[in-house]
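Read off the chains here:
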Amino acid sequence: MAAIPPADYVPSPQLLAGRHILITGAGDGLGRAAALACAAHGATVILLGRTVRKLEAVYDEIERAGYPQPAIYPLHLGGASWKDYADLADAIEREFGRLDGLLHCAAHFKAFMPMTDIDPQEWIETLQVNLTAPFALTRQLLPLLQASADAAVVFVADRHGRKAHAYDGIYGISKAAVEQMMRIWAQELDSHPQLRLNSFDPGPLRTALRLKGYPGEKPTQVPPPETAVPALLWLLGPDSRGISGRAF
Ligand SMILES: NC(=O)c1ccc[n+]([C@@H]2O[C@H](COP(=O)([O-])OP(=O)(O)OC[C@H]3O[C@@H](n4cnc5c(N)ncnc54)[C@H](OP(=O)(O)O)[C@@H]3O)[C@@H](O)[C@H]2O)c1
């Protein structure tokens, strides 16, 4: 996997000015850090997540800082229907007319476990949030992304989806599948150079999700989500133009 961004990368202060970027899982962890950073670099962010209180806290932080006014879109990806995604696309079209960035951060993870212990409901929920939702969102938002002069879709990956380890379970399977989906889609869209799709494994980050997998780990030993932000800014902004179908 290639390393990004270049070691000397410094995003320009207004890197994402004028862009509309939808971020899933924006209320916590990496999604929250990405939302604040995108807004700080000039983007209008659409904060999607399931816990309204968390989304409102991010909204308030962005507003207090004087960044472009964000929008909130609460949606439980575990139970969302095709119509829910179509309604979201309609709302974005009405409000903004196009979409310049889509960052898939939301993820469902319960625990590492043997395949024989996976509850069928857990299997379905994980696939719904980690694979079906990124598919359905990207599919429904594609016309709006294609209406942008320069758009980027980023799927957040995980090393547990890149190399099989015992107990990775349905989480690892869902992350492997989402990267394969990204590659297939990027090939199909290679005649649309203004739209790129890539995936990015941020490595271990100090978040609620990490704690579920590694409950004995000292949080201070794991980097905060902000360490992954420069790579996401690079992928979402114009500096990664022309790069598509890559797993970083
Ligand atoms: N942390 C790591 O070490 C690590 C390593 C590699 C990759 N990743 C990836 O990084 C991404 C962000 O994870 P994170 O570590 O930042 O975890 P996190 O802090 O637990 O954040 C996950 C986000 O997903 C949202 N979410 C979960 N289920 C949802 C649902 N059904 N509908 C809508 N939103 C839902 C959560 O909302 P609520 O807050 O409302 O629950 C939360 O905002 C994930 O794709 C994860 O796989 C993380």
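Above this note sits the structure.
Computed from a predicted model, the values in this text were never measured in an experiment.

Moving on to empty space enclosed by the protein. For the structure on display, the rule yields two cavities of 30 Å³ or more. Estimates place the volume of the largest cavity at around 90 Å³. What lines the largest cavity is a set of 13 residues, among which His-104, Ala-106, Val-129, Asn-130 and Pro-134 lie closest to the centre. Tallying contributions element by element places helix H4 (residues 120-146) first for the lining of the largest cavity, with five residues. Residues that form the lining of the largest cavity fall into these classes: nine nonpolar, three polar and one charged. Empty space within the second largest cavity amounts to approximately 60 Å³. As for the second largest cavity, its lining consists of Phe-109, Lys-110, Ala-111, Met-113, Ile-118, Glu-122, Thr-126, Asp-168, Gly-169, Ile-170 and Tyr-171. Those elements that place two or more of their residues in the lining of the second largest cavity are H4 and helix H5 (169-188). By residue number, the principal contributor to the lining of the second largest cavity is H5, which donates three residues. Counted by class, the lining of the second largest cavity contains six nonpolar, two polar and three charged residues.

A separate point is the side chain of His-160. Relative to the helices and strands, His-160 is located in the loop between strand S5 (151-156) and H5. Judged by its relative accessible area of 9%, His-160 falls in the buried class. A distance of 2.7 Å separates polar atoms of two side chains, one belonging to His-160 and the other to Asp-168. With sequence-adjacent residues up to four places away left out, His-160 is seen in contact with Phe-112, His-165, Asp-168, Tyr-171, Gly-172 and Tyr-214.

Here the focus is the environment of Phe-200. Tracing the sequence through the fold places Phe-200 in strand S6 (residues 195-200). Given a relative accessible area of 7%, Phe-200 falls into the buried group. The contact partners of Phe-200, leaving out residues within four places of it in the chain, are Ile-4, Val-154, Phe-155, Val-156, Ala-157, Arg-162, Ala-228, Ala-231, Leu-232, Leu-235 and Phe-248.

Right, let's talk about a nonpolar patch on the surface for a bit. Where nonpolar side chains cluster on the molecular surface, the patch consists of Met-115, Trp-123, Ile-124 and Ile-173 and spans about 370 Å² of accessible area. Among the structural elements, Met-115 can be located in the loop between strand S4 (101-104) and H4.

The next subject is helix H3 (residues 82-96). Taking 1.5 Å per residue as the helical rise, H3 with its 15 residues ought to reach 21 Å, and the 21 Å between its terminal C-alpha atoms agrees with that figure. Listing the buried residues of H3 in full gives Tyr-85, Leu-88, Ala-89, Ala-91 and Ile-92. Angularly, the buried residues of H3 cover 160° about the axis, an arc narrow enough to put them on a single face. Opposite its buried face, H3 presents the exposed residues Lys-83 and Arg-94, each directed more than 90 degrees away. In this structure, the buried side of H3 is in contact with strand S1 (20-24), strand S2 (44-49), strand S3 (71-74) and H4. With its phi angle positive at about 80°, Gly-97 sits one or two positions after the end of H3.

Attention now goes to the site of the ligand. Residues in contact with the ligand amount to 30 residues; listed here are only the nearest, Leu-30, Thr-51, Lys-54, Tyr-171 and Thr-207. Between the ligand and Thr-207 there is a distance of 2.6 Å, counted from an oxygen atom to a side-chain nitrogen or oxygen. With the chains in place, 94% of the 890 Å² that the ligand exposes on its own is no longer accessible. Under a 2 Å grid-point criterion requiring more than half of the atoms, the pocket assigned to the ligand is the largest pocket. Elements supplying a minimum of two residues to the shell around the ligand: helix H1 (29-40), H5 and helix H6 (208-213). Among the elements that make up the shell around the ligand, the one with the highest residue count is H6 (three residues). Partitioned by chemical class, the residues of the shell around the ligand number 15 nonpolar, eight polar and seven charged.

Extensive coverage of helix H7 (residues 229-236) is indicated by the burial of seven of its eight residues. Of all the positions in H7, only Val-229, Ala-231, Leu-232, Leu-233, Trp-234, Leu-235 and Leu-236 are classed as buried. At its buried positions, H7 is contacted by S1, H1, S4, S5 and S6.

A separate point is unusual backbone geometry. Positive phi outside glycine occurs at Tyr-167, with the angle close to 75°. For Tyr-167, the location among the structural elements is in the loop between S5 and H5.

Calculation rules
- Each chain carries its own residue numbering, running from 1 in the direction its sequence is written.
- Totals for whole chains, interfaces and linings use every residue, but because this is a predicted model, local features are given only for residues with pLDDT of at least 70 and side-chain atom pairs only at 80 or more, for both listing and counting.
- To get the side-chain values, take all heavy atoms of the structure and skip hydrogens and water.
- A pocket here means an open set of points on a 1 Å grid, computed over the protein atoms alone, that has protein on both sides within 12 Å along at least five of seven lines. A cavity is instead a set of points where a 1.4 Å probe fits but cannot get out; residues with an atom within 4 Å of a point line either one.
- Grid points are joined across faces, edges and corners, and a volume is the space filled by probe spheres set on the points.
- Helical segments are the DSSP runs of H or I of at least four residues, strand segments are the runs of E of at least two, and each set is numbered from the N terminus.
- For this classification, Asp, Glu, Lys and Arg are treated as charged, while Ala, Val, Leu, Ile, Met, Phe, Trp, Tyr, Cys and Pro are nonpolar and the rest, including Gly, are polar.
- To sort residues, take the accessible area from a 1.4 Å probe on protein chains only and compare it with the maximum for the residue type: under 20% means buried, over 50% means exposed, and anything in between is partly exposed.
- A 3.5 Å cut-off defines polar contacts: any pair of N or O atoms within that distance qualifies, except that in protein one atom must be a possible hydrogen donor and the other a possible acceptor, and neighbouring residues in sequence count only when both atoms are side-chain atoms.
- Throughout, a contact is declared for two residues whenever any of their heavy atoms are within 4.5 Å.
- Patches here: salt-bridge-free residues with over 30% relative accessible area, like charges joined within 9 Å, nonpolar side chains (Val, Leu, Ile, Met, Phe, Trp, Tyr) joined within 5 Å.
- Where accessible areas are quoted, they stem from the Shrake-Rupley method and a 1.4 Å probe; at the residue level, only the protein chains shown are allowed to cover.
- A side-chain nitrogen of Lys or Arg and a carboxyl oxygen of Asp or Glu constitute a salt bridge if their distance falls within 4 Å.
- Each helix should span, by expectation, one fewer than its residue count multiplied by 1.5 Å.
- Here the arc refers to the directions that run from the helix axis out to each C-beta atom.
- The near set for a molecule or strand comprises every residue that places at least one heavy atom within 4 Å of it.
- For a molecule to be placed in a cavity or pocket, more than half of its atoms must lie within 2 Å of the grid points of that cavity or pocket.

Note that every value here comes from positions in space, so none of it alone points to a role or purpose.
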